[in-house]
Amino acid sequence: MICKKCNGCGLCQGDGSFEKSAHALVENMAKKVFKGDDSFSANEAGIAVDVGTTTIAAAIFSLKDGRLLFECGEKNQQGRFGSDVLARINAAERDYDGIRSTLIEQLKKIIVRLTANASVQFLASRAGRLVLRRIVFTGNTSMMSFVAGKKVSGLKEFPFTIPSEFGFSTSYNQVFASHEYGDNCEVYFPPVISAFVGADTVCAMTSCFNESDDIQFMADTGTNCEMAVYDKKAGKVVCTSSSAGPAFEASGISCGMVCSEGAVASLKYDGKNFIPLIIGGKKALGICGTGLLSAVCTFYREGFIDRNGTIQDGEKINLSDEVSVSQEDIRKFQLAKAAVYTGLNFLNERVESGRKKLLYLCGGFGSHIDPSDALNSGMIPDYFKGNVFHCGNSALEGAAAMLFDMNAREKGKRFALMSQVINLALEESFQDRYISALNLPEKLICP
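From a predicted model like this one, the values you see are computed outputs, not experimental measurements.

In this sheet, strand E12 (residues 286–287) lies alongside strand E10 (residues 263–269) in parallel orientation, the contact comprising two bridges. Directly across from Val264, in E12, lies its bridge partner Ile287.

Okay, here's the thing in structure tokens:
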């Protein structure tokens, strides 16, 4: 409600006591400025949603002035059907309606939460009652298919046929079988590139890549790591995807938790004791993905683990009375980081050598990691040293841009059409190179 004295009628100034944006599972977009569209009325809004395998991030904007009104994030409730994309596809073969309805009902509740919090702001500023005009969904090909109501059976086995190229508009009524927001709310699904390189990669490229002559790489490091390289001079985009599992989001980690208050976000060692940096500065409750990366690098630097990732004394390392990192946790991290490293190296072989190469790290995990930790763990190759940049939730930002700017939609379509795809599973040397990348670097790349 707008204040404690009324029910959001908008007839008084109110005390501003509406809910604050929740950033635990969504990268803060407050610094991103979008140009609105004056053709919209002051009370018209649009929503961008990044439907991730593990988490869902969403934001609502004023379409007239581009202002971010509210953002939130939460775990994807499809997780009960399995932690990765393949598990969801297998579950869909048994109960497609069940797995889709789980996601659709969650999305409807997220949209209600977004509109409720934006509505009080419109009412407080005398803009009138909120009218929802546009929604842009992004995500991997499987998640996009579930939202759009398309079958995913072709995504299970080679030759991996996608149910739609996407890049189309429909209505809220068609997606949600509901007239809750009237008949004039457009829903846009950006194009996908392949079975495992989805609209989130298209949106991330739209947000990150510019017209520089440098060779630009992008890595969205989540449960399914989607990577791309853009060489403007060659007129080429090459993409790939590699399954990392949920370790980067600390899911499946013994003391793992989301990046929120109480999480160990990074780790140092003073020669005697570990010094954890805890979000919120209070008692450590667990460790998030960035903390796990930092911990592995600290353990290696200080000799607690060897190059193979093996703990030298015992089966776990205690960071505090409440939080420890086990041998299994380190192994899960090694599997995840090897997926990124190997994918980036395959992409690098498809572009010209000898030119400056930039790497944009995207997503909640990628946007908060220390580049030196990424290099020292062998998560990213050493040729990116000094040229690693954080890009926030670029998939969500690219989707948000498509709310306002039809040119952003065209840019996304252009990247999708020019993209070549490397299917790592079909590369003869992939398995050997992936296994080799499990080890930590022979020597630290960054001091």
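Pairing is mixed in the open sheet, where three strands are placed in the order E11-E10-E12. One side of each edge strand has no neighbouring strand; the edge strands of this open sheet are strand E11 (274–278) and E12. Contacting E10, E11 and E12, helix H5 (residues 289–301) crosses the sheet at an angle of about 15° to E10.

Turning our eyes to something else, we now look at the packing of aromatic side chains. Scanning all chains against the criterion turns up 28 aromatic pairs. For the pair Tyr230 and Phe415, a centre-to-centre distance of 5.2 Å together with 85° between the ring planes defines the contact as edge-to-face. You can see Tyr230 sitting in strand E8 (residues 224–231) and its partner Phe415 sitting in helix H10 (residues 406–418), a full 185 residues away along the chain. In this pair, the class of Tyr230 matches that of Phe415, namely buried. A connected cluster of aromatic rings, assembled from ring pairs, spans Phe137, Phe166, Phe168, Tyr172, Phe176, Tyr181 and Phe189. Over the ring of Phe415 we find Arg414; its NZ or CZ atom is 5.1 Å from the centre of that ring. For Arg433, the ring lying beneath its charged end belongs to Phe346, and the centroid distance is 3.9 Å.

What follows covers the sheet that holds strand E2 (residues 55–62). Strand order in the open sheet formed by six strands is E3-E2-E1-E4-E6-E5, with mixed pairing between adjacent strands. Two strands bound the open sheet, and with one partner strand each, they are strand E3 (68–75) and strand E5 (166–171). Recorded for the sheet is a direction-independent mean angle of 15° between the axes of neighbouring strands. Judged from the eight bridges that link them, strand E1 (residues 44–51) and strand E4 (residues 131–139) form a sheet pairing that is parallel.

Our next topic: the nonpolar core. The biggest cluster of nonpolar side chains holds 57 residues, and the ones touching the most others in it are Phe217, Phe248, Ile287, Phe299, Ile305 and Leu344. Take this core: its biggest share by element is nine residues, from helix H6 (residues 327–348). If sequence neighbours within four positions are ignored, Ile287 has contacts with Ala250, Ile253, Cys255, Gly256, Met257, Val264, Leu292, Ala295, Leu319, Val323 and Val325. Formed by 46 residues, the second largest nonpolar core is a distinct cluster that contains Val49, Ile56, Phe81 and Leu103.

The rules behind the values
Residues numbered from 1 in each chain as written. Predicted model: local features only at pLDDT ≥ 70, side-chain atom pairs only at ≥ 80, totals over all residues. Heavy atoms only, no water. Pairing = 2+ DSSP bridges. Helix = DSSP H or I, 4+ residues; strand = E, 2+ residues; numbered from the N terminus. Contact = heavy atoms within 4.5 Å. Axes fitted to C-alpha atoms, helices over the stretch in contact; angles between N-to-C directions. Phe/Tyr/Trp six-rings, centres within 6.5 Å; stacked < 30°, edge-to-face > 60°. Buried < 20%, exposed > 50% of the residue type's maximum accessible area, 1.4 Å probe, protein only. Lys NZ or Arg CZ within 6 Å of the ring centre and 35° of its normal. Core = buried A, V, L, I, M, F, W, Y, C linked by side-chain atoms within 4.5 Å.

Spatial relationships are all this shows, so hold off on functional conclusions.
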